[in-house]
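Secondary and tertiary structure notes
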Amino acid sequence: MPASKAQQKAVSKYMKENYDVYQIRMKKGQKDTIKAHAEARGESVNGFINRAISETMERDGGVPAASEEG
């Protein structure tokens, strides 16, 4: 059953209030490679990208562990 207009509006409002959106560009074919890598580890692409960013920033000393979000 499709979501009602009220449900769609509620989800849209929640997403806008709780998440930032960042668009990235990459060379053709890299998206498929990233997707396969994430799926092989049981992750979504979004989860993998967020983990990769968090781990790199932590390793580089740029983000305290308490502010990481997965």
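Since the structure is predicted, the reported quantities are computational estimates derived from the model, not experimental observations.

For the structure on display, the rule yields three salt bridges. Among the ionic pairs, Glu17 bridges to Lys13, the shortest N-O distance being 3.9 Å. Taken as a pair, Glu17 and Lys13 lie in helix α1 (residues 5-18) at a separation of four residues, close to a single helical turn. By sharing partners, the salt bridges in this structure join Glu43, Arg51 and Glu55 into a single network.

Our focus in this paragraph is a nonpolar patch on the surface. On the surface, a cluster of nonpolar side chains totalling about 410 Å² of accessible area is made up of Val11, Tyr14, Met15 and Tyr19. Positionally, Val11 belongs in helix α1.

Glancing now at the environment of Phe48. Relative to the helices and strands, Phe48 resides in helix α3 (residues 45-59). Residue classification places Phe48 among the buried positions, given a relative accessible area of 16%. A C-alpha to C-alpha distance of 5.8 Å links Phe48 and Ala38, two positions ten residues apart in sequence. Aside from chain neighbours lying at most four places away, what touches Phe48 is Ile34, His37, Ala38 and Glu43.

The rules behind each value
Residues numbered from 1 in each chain as written. Predicted model: local features only at pLDDT ≥ 70, side-chain atom pairs only at ≥ 80, totals over all residues. Heavy atoms only, no water. Salt bridge = Lys/Arg side-chain N within 4 Å of Asp/Glu carboxyl O. Helix = DSSP H or I, 4+ residues; strand = E, 2+ residues; numbered from the N terminus. Patch = residues over 30% accessible without salt bridge, like charges linked within 9 Å, V, L, I, M, F, W, Y side chains within 5 Å. Areas by Shrake-Rupley, 256 points an atom, 1.4 Å probe, with all protein chains shown as cover. Buried < 20%, exposed > 50% of the residue type's maximum accessible area, 1.4 Å probe, protein only. Contact = heavy atoms within 4.5 Å.

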